[in-house]
Amino acid sequence: MKLARNIIIALVAGVFVGLILNLFAPGLFLKADAFIFKPLGTIFLNLMKMLVVPVVFISIALGTIGIGDPKKLGRIGGKTIGFFLITTAIALVIALSLGLLFKPGASGNFETSTAVYEAQEAPPIADTLLGIIPTNPITAMAEGNMLQIIFFAALVGFGIAMLGKKVGKVKVLFEQANELIMYLITFVMKFAPYGAFGLIASAIGSQGFDALRAMGMYMGVVLGGLFIHSILIYGGAVALLGKRSPVWFFKNFFPAQVVAFSTSSSAATLPISLKTAQEKLKVPESISSFTQSLGATINMDGTAIMQGAAVIFIAQAYSIDLSTGQLLIVILTAVLASIGTAAVPGAGLIMLAMVLTAVGLPVEGIALVLGVDRLLDMVRTAVNITGDAACAVCVAQSEGVLGEPDNNGAKMM
Ligand code: ASP
């Protein structure tokens with residue numbers, strides 16, 4: 001909590017410094033950005049990223065050892081993926097409805113003839129899913145291929161569980177490695193406020209608030225969608241399925257959200273979101289590691305909301321009417337796109353190209369939303385990881401293993 005407070009102070013200071021430099025000393029900003037802001041941000045991001053592969057490998061293996069029974073593993077996997085798909089589809093319905101209701105693209109008369117955007121090749125979803133079995137686990141780790149690492153780690157954990165006493169020492173090794181990595185996370189997080197300051201000063205200083213004015217309506221729709229989805233869907237799921245107070249949930253998970261907000265990367269935030277869910281939300285390690293690591297990679301409701309809103313915005317800006325069938329295609333492709341989106345800053349925008357193409361909208365339209373995306377990315381990343389934690393709480397409760405909250409008022413009947 002103290003850490004979250006310090007990060008927030010750093011964020012506020014960063015916004016302030018970035019904005020002042022942007023308005024009054026753009027030349028000085030470039031220097032400060034190159035020598036102070038960017039380095040601070042990069043040091044922090046790298047420190048966090050450094051831990052991601054070992055955290056995922058160790059904690060998934062340990063989680064699978066804990067679950068042991070393959071039937072139980074399949075059941076937990078099924079519940080997790082079911083939760084992910086349903087909430088992402090709901091996220092899209094919310095975003096599309098808000099977009100159709102508030103017409104963000106119709107209000108501003110956007111200049112579409114000059115919009116240019118070089119679409120990058122989005123990785124085909126089928127490849128992502130088929131490529132889940134690593135031919136070389138070391139390469140998977142070296143490349144940070146999350147799904148492959150998860151697959152291999154689960155298999156290793158499964159083997160250790162099956163062999164039992166025979167490999168008792170290997171199990172102890174994983175347990176102790178986990179202690180070590182949790183300590184390192186706490187240690188590295190001491191740098192978080194400085195990193196957050198650098199990241200936000202850099203983002204605000206290079207964009208200023210100009211871009212924001214024209215895009216107010218679009219931003220409003222995205223932020224409104226993110227807010228509604230978090231409160232209603234995650235809050236509702238935590239209350240009904242997790243049997244915990246939503247207020248308790250959001251309050252205790254807040255430190256991880258702040259880190260996601262500063263880094264705009266679900267992957268870089270994973271170490272701290274695992275730790276927060278296990279220590280504060282009392283999700284057992286076996287479920288938290290599995291659900292949240294998988295979720296950081298494939299479950300991105302915040303990204304889906306941005307994509308839904310952007311599709312509607314771009315269609316309206318180009319005066320193209322979307323049929324109900326096309327809206328359904330948007331939901332389907334955006335669910336797939338959010339699975340394929342890499343958990344790094346700005347990735348959601350690359351996948352947006354795929355959704356636009358699926359319904360025949362001009363990919364150049366992305367240029368219209370590009371200016372404000374950096375800031376929206378921060379908020380949607382916080383929502384992305386909140387969905388994973390909400391899922392972890394619900395799955396743990398359904399398995400009857402959610403720990404007792406520190407404060408009894410957190411319980412719901
Ligand atoms: N930055 C997001 C994340 O890491 C992905 C995106 O929407 O760009 O969760």
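The model shown is predicted, which means the values in this text are computed figures rather than measured ones. (Residues numbered from 1 in each chain as written. Predicted model: local features only at pLDDT ≥ 70, side-chain atom pairs only at ≥ 80, totals over all residues. Heavy atoms only, no water.)

Enquirer: With reference to specific residues and values, describe the packing of aromatic side chains.
Expert: In this structure the tally under the stated criterion is nine aromatic pairs. Each ring, one from Phe57 and one from Phe152, has its centre 5.9 Å from the other, and the planes form 10°; the classification is stacked. Residue Phe57 is found in helix 2 (residues 26–67), and its partner Phe152 is found in helix 7 (residues 146–163); the two are separated by 95 residues along the sequence. For Phe152, a relative accessible area of 26% translates into the label partly exposed. Aromatic side chains Phe249 and Phe250 sit 5.2 Å apart centroid to centroid with 75° between the ring planes, which places their arrangement in the edge-to-face category. Like Phe250, Phe249 is buried. Chaining the aromatic ring pairs together yields one cluster made of Phe29, Phe37 and Phe197. (Phe/Tyr/Trp six-rings, centres within 6.5 Å; stacked < 30°, edge-to-face > 60°. Helix = DSSP H or I, 4+ residues; strand = E, 2+ residues; numbered from the N terminus. Buried < 20%, exposed > 50% of the residue type's maximum accessible area, 1.4 Å probe, protein only.)

Enquirer: Any chance you could break down the side chain of Gln148 for me, citing the residues and the numbers?
Expert: Counting through the fold element by element, Gln148 comes out in helix 7. Apart from residues lying up to four places away in sequence, Gln148 is in contact with Gly131, Ile132, Ile133, Pro134 and Ala140. (Contact = heavy atoms within 4.5 Å.)

Enquirer: Go over the packing of helix 3 (residues 70–102) against helix 18 (residues 366–398) with me, naming the residues and quoting the values.
Expert: In helix packing, the relevant descriptors are the interaxial angle and the interaxial distance, both defined with respect to the helix axes. Where helix 3 meets helix 18, the closest approach of the two axes is 10 Å, and the angle between their N-to-C directions is 140°. For the element pair helix 3 / helix 18, the angle class is oblique. The crossing of helix 3 and helix 18 is right-handed. Contacts from Ile76, Lys79, Thr80, Phe83 and Phe84 of helix 3 reach helix 18 at Gly387, Asp388, Ala390, Cys391, Cys394, Val395 and Ser398. Residue composition of the contact of helix 3 with helix 18, grouped by class: seven nonpolar, three polar and two charged. (Axes fitted to C-alpha atoms, helices over the stretch in contact; angles between N-to-C directions. Parallel < 35°, antiparallel > 145°, perpendicular 65-115°, else oblique. Left-handed = near helix turned anticlockwise from the far one by under 90°. Nonpolar A, V, L, I, M, F, W, Y, C, P; charged D, E, K, R; others polar.)

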